[in-house]
Amino acid sequence: MSFFPLAAVHFDHGDIDTFFSNIAEAFTQRGFVVCGVVQTRGEAGGECHCADMDLTTFGSNRTFRISQPLGNGSRGCRLHPGALAECSAFLEQELEKGPNLLILNRFGRGESEGRGFRDLMIRALALDIPVLTAVRPAYVESWSEFGAGAAADLAMSLEAALHWFDAIHPDCASAA
C-alpha cells in the first residue's frame, strides 16, 4: 500500500469532529504540532431552523462562525463564504509556523466545486505539510479527482491515522 501526504477518512455516520479532536490530541501528546479545524454546532433556534455552525482551530482555539441566518423558511445552505475564507486565511498563516499536520473537518461541496479549503490543502502540500480530512460518500468521486491517484483513503480509526502518518514520516515515527 502506498502512502501519500494527503488522506481522507471515509465516513457516512459518526462524530467525525470528535474523532479529529481525538486525533489532534494523540498527535500533540506524541510531540507533534497540529493545525486545522473541527466543526461544532450550536442549538437550533432564532430566525432559522438550523443550528449555528462554527469552526474551531486546534492550538489557538479561535472560533469562526461559518453559518449565516437566511431567515425563516430558508431551505438552502447557510454557509457564510466570507467567514470560511477568513478561517482559511488564518489557517494559511498557521501553516507558516511549520506544523507537522493539517486537519480539516471536511472535503465537501465547496471543495468539490473548487472552493472551501481546497487551496489551503494545496498550499499545505506545497509546504510538505500532510493533510488529513474527511469525506462523505456523496463527495468521494470529487475527492478522487482532487487526489488524482495521490491520496490515501483511511478508515475512521485512530490506528489508521497514526499508521498513515508514521508511514509518510518514518523519521517522525522513530522519534515519537
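Residues numbered from 1 in each chain as written. Predicted model: local features only at pLDDT ≥ 70, side-chain atom pairs only at ≥ 80, totals over all residues. Heavy atoms only, no water.

We now examine the overall build of the protein. Helix and strand counts for the protein come out as seven helices and seven strands. What you see in the protein, going N to C, is helices and strands ordered as β-α-β-β-β-α-β-α-α-β-α-β-α-α. Across the 176 residues that make up the protein, the buried fraction comes to 43%. Considering only residue pairs separated by 6 or more positions, the protein has 65% of its internal contacts joining residues 24 or more positions apart. By element, 50% of the accessible surface of the protein is carried by carbon and sulfur atoms, the whole surface being about 8900 Å². (Helix = DSSP H or I, 4+ residues; strand = E, 2+ residues; numbered from the N terminus. Buried < 20%, exposed > 50% of the residue type's maximum accessible area, 1.4 Å probe, protein only. Contact = heavy atoms within 4.5 Å. Areas by Shrake-Rupley, 256 points an atom, 1.4 Å probe, with all protein chains shown as cover.)

In summary, soluble globular proteins display a tendency toward joint burial of nonpolar side chains. Membership of the largest hydrophobic core comes to 27 residues, with the highest contact counts inside it found for Leu91, Leu102, Leu104, Phe117 and Trp143. Of all elements in the fold, only strand E1 (6-10), strand E2 (34-45), strand E3 (48-57), helix H2 (81-95), helix H4 (118-126), strand E6 (131-135) and helix H5 (140-147) reach the threshold of two or more residues within this core. No other element matches H2, which puts six residues into this core. Ignoring anything within four residues of it in the chain, the contact list for Trp143 reads Leu6, Ala7, Ala8, His10, Phe107, Thr133, Val135, Ala151, Ala152 and Asp153. (Core = buried A, V, L, I, M, F, W, Y, C linked by side-chain atoms within 4.5 Å.)

If you walk through the whole model with that rule in mind, you get nine salt bridges. One salt bridge in this structure joins Arg65 and Asp54, with 2.5 Å as the shortest N-O distance. Of the two residues, Arg65 is situated in strand E4 (residues 63-65) and Asp54 in strand E3; the sequence distance between them amounts to 11 residues. Here the residues in one salt-bridge network are Asp52, Asp54 and Arg65, joined through shared partners. (Salt bridge = Lys/Arg side-chain N within 4 Å of Asp/Glu carboxyl O.)

For the rest of this paragraph, the subject is H2. When the terminal C-alpha atoms of H2 are compared, their 21 Å separation across 15 residues agrees well with the 21 Å that a helix rising 1.5 Å per residue should span. Among the residues making up H2, those that are buried are Ala83, Leu84, Cys87, Ser88, Phe90, Leu91, Glu94 and Leu95. Mapping the buried residues of H2 onto a view down its axis gives an arc of 160 degrees, with all of them on the same face. Of the exposed residues in H2, those oriented more than 90 degrees away from the buried face are Pro81 and Gln93. (Expected span 1.5 Å × (residues − 1). Arc of directions from axis to C-beta.)

A separate point is the packing of aromatic side chains. Taken as a whole and assessed by the stated rule, the structure comprises nine aromatic pairs. Ring centres 6.1 Å apart and planes at 55 degrees place the aromatic pair Phe27 and Phe32 in the tilted group. Judged by relative accessible area, Phe27 falls into the buried class, the value being 0%. The exposure class assigned to Phe32 is buried, which follows from its relative accessible area of 9%. Judged by centre distance (5.7 Å) and plane angle (55 degrees), the ring pair of Phe64 and Phe90 falls under tilted. Residue Phe64 is located in strand E4, and its partner Phe90 is located in helix H2; the two are separated by 26 residues in the primary sequence. (Phe/Tyr/Trp six-rings, centres within 6.5 Å; stacked < 30°, edge-to-face > 60°.)

Attention now moves to the pairing of E6. Of all five residues in E6, five are buried, a share of seventy percent or more. Burial of E6 is two-sided: the residues Val131, Thr133 and Val135 facing one way and the residues Leu132 and Ala134 facing the other way are all buried. Two strands pair when backbone bridges link them, and E1 and E6 are joined in this way by five bridges, in the parallel orientation. In the sheet register, Ala8 faces E6, and the bridge partner there is Thr133. Examined bridge by bridge, strand E5 (residues 101-103) and E6 share two bridges and lie parallel to one another. In the strand pairing of E6, Ile103 is matched with Leu132. (Pairing = 2+ DSSP bridges.)

Inspection of the secondary structure puts Leu125 in helix H4. Look at Leu125 and you get partly exposed, because its relative accessible area is 26%. Taking the C-alpha atoms as reference, Leu125 lies 7.6 Å from Leu6; in sequence the two are 119 residues apart. Leaving out residues up to four positions away in the same chain, Leu125 has contacts with Pro5, Leu6 and Val131.

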